[in-house]
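So you can see what is in the structure, the chains are spelled out below.
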Amino acid sequence: MGAPLTDRPAALRVQGLSVTFTGGPIEIPAVRDVTLDVGRGEVVALLGESGSGKSVTARAVMGLIDEHTRVDAEVLMLGDVDLLTTTTEQRRRLRGERMSLVLQDALSALNPVLTIGDQIGELFRVHRGASRKQARRHAIELLGLVGIPGPGQRVDEYPHQFSGGMRQRILIAMAIALEPEFLIADEPTTALDVTVQAQILELLDSLRTTLGMGILLITHDLGVVTEVADRLAVMYAGRVVERGDADSVLTRPAHPYTEALLRSVPQAAQRGGDLLTIPGSPPSPGQVPPACSFHTRCHMAIEVCRTVRPPLEPVAAGRLAACHRSQELLNGVPA
Ligand code: SF4
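Just so it is clear, the model here is predicted, and its values are computed rather than measured.

**Student:** Got a minute to help me understand the overall build of the protein in this structure?
**Tutor:** Each helix and strand in the protein was counted, giving 13 helices and 13 strands. In terms of C-alpha radius of gyration, the protein reaches 21 Å, essentially the compact-globule figure of 20 Å for 335 residues. Projected onto its principal axes, the C-alpha positions of the protein cover 70 × 45 × 40 Å. Here the protein holds 335 residues, and 50% of them are scored as buried. Relative to all contacts within the protein whose residues are 6 or more apart in sequence, the contacts with residues 24 or more apart total 63%. Accessible surface computed for the protein: about 15200 Å², of which carbon and sulfur atoms make up 52%.

Take a look at the structure:
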């Protein structure tokens, strides 16, 4: 892989990851040649519209795939563990112990008939051999850590007795219970109102510092990215089309898709120009246009874009983009 774009110890290294759906009459490539890395104590955002392959990438990394999905990769390392050679059972143990996934739908992820304390405590009983009393104590500590008021009382309550934001905090508590080095948060704030969303992002931000976790934050929301991401990878039609440190990508995008995403956010557009909506919609995985997959929607497309796929390559220090016209974009040349 190219050198990692961070000098922090790696929590996750992915190179050449492809995911293919094999269940239908033809194989459908959902993710192609994704390379990314997440350092300890770092938040990397994976940004893109729905259907871009973000969540499929996350599930492939976690090993949460069914028998109709094939995962290929050149490198897939969790710290010092080679995930390409682990057994299903080893991968299952790694989930929770060393890597965790937080999803957006907290209510369906929690068991409605068990108290929060029992659900968190079970992790300590199963993975750490803790007694019921020890597990309860850990659960109370964790609820306090993620900002649940009165954890000593609330530990005995059931999921429906908590608000959506509090349930999301509980899911995060469960995900970090065993202090994994790597956490994937897949649209963790989508269902929440703006204030609670900000609180959850603050919580994730503080946890990566307190626990030194690497966090891969999957989102379609640029506001979320600007809040907490150190670095950013933008996905389109199953491929990463731009990578780099979040500030420079968001200030000076090198790919028209990133630029279009930025200009479709009212606040960003006010700073940088007209509000733009991206015409059309992302292609479904089985119908990705040839060459540059964005050419059917791109206001900068030229002939070569329809015939030659641009490789993801360095365009500036610490920056990669897959576009024939990245340099023009970076130099501010109008299309
Ligand atoms: Fe647009 Fe061409 Fe760049 Fe693709 S390669 S993003 S079509 S300018």
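**Student:** Even after reading the chapter, I still don't get the confidence of the model for the protein, so can you show me in this structure?
**Tutor:** In low-pLDDT segments, the atomic positions of the prediction should not be examined closely. The pLDDT averaged across the protein works out to 89; a share of 93% of its residues lies at or above 70. Taken element by element, the protein is modelled with least confidence in helix α12 (residues 266–272), mean pLDDT 53, and with most confidence in strand β13 (residues 319–321), mean pLDDT 97.

**Student:** Looking at this model, I keep getting lost on the site of the ligand. Mind explaining?
**Tutor:** Neighbouring the ligand are 13 residues; Cys292, Cys298, Cys305, Cys323 and His324 lie closest to it. Broken down by class, the residue content of the shell around the ligand amounts to 9 nonpolar, 3 polar and 1 charged.

**Student:** Quick question: what am I supposed to make of the packing of aromatic side chains here?
**Tutor:** Each pair of aromatic rings is reported with the distance of its centres and the angle of its planes. Evaluated as defined, the whole model comprises 3 aromatic pairs. Aromatic pair tyrosine 257 and phenylalanine 294: ring centres 5.2 Å apart, planes at 65 degrees, arrangement edge-to-face. Of this pair, tyrosine 257 sits in helix α11 (residues 256–263) while phenylalanine 294 sits in the loop between α12 and β12 (313–316), placing them 37 residues apart in sequence. Taken as a pair, tyrosine 257 and phenylalanine 294 share a single burial class, namely buried. Connected via pairs of aromatic rings, a cluster forms that spans Tyr236, Tyr257 and Phe294.

**Student:** Quick question: what am I supposed to make of the sheet that holds β12 here?
**Tutor:** Two strands in a sheet stick together by hydrogen bonds in their backbones, pointing the same way (parallel) or opposite ways (antiparallel). Strand order in the open sheet made by the 8 strands is β7-β8-β9-β3-β10-β11-β13-β12, with mixed pairing throughout. In the strand order of this sheet, the two ends are held by β7 (99–102) and β12, each with one partner. The sheet shows a mean angle of 25 degrees between the axes of neighbouring strands, taken without regard to direction. Of the strand pairs in this sheet, strand β8 (residues 182–186) and strand β9 (residues 214–219) are connected by 5 bridges, and their pairing is parallel. If you follow leucine 183 over to β9, its bridge partner there is isoleucine 215.

About the thresholds
Residues numbered from 1 in each chain as written. Predicted model: local features only at pLDDT ≥ 70, side-chain atom pairs only at ≥ 80, totals over all residues. Heavy atoms only, no water. Helix = DSSP H or I, 4+ residues; strand = E, 2+ residues; numbered from the N terminus. Rg over C-alpha atoms; globule rule 2.2 N^0.38 Å. Buried < 20%, exposed > 50% of the residue type's maximum accessible area, 1.4 Å probe, protein only. Contact = heavy atoms within 4.5 Å. Areas by Shrake-Rupley, 256 points an atom, 1.4 Å probe, with all protein chains shown as cover. pLDDT = per-residue confidence, 0-100. Near = heavy atom within 4 Å. Nonpolar A, V, L, I, M, F, W, Y, C, P; charged D, E, K, R; others polar. Phe/Tyr/Trp six-rings, centres within 6.5 Å; stacked < 30°, edge-to-face > 60°. Pairing = 2+ DSSP bridges. Axes fitted to C-alpha atoms, helices over the stretch in contact; angles between N-to-C directions.

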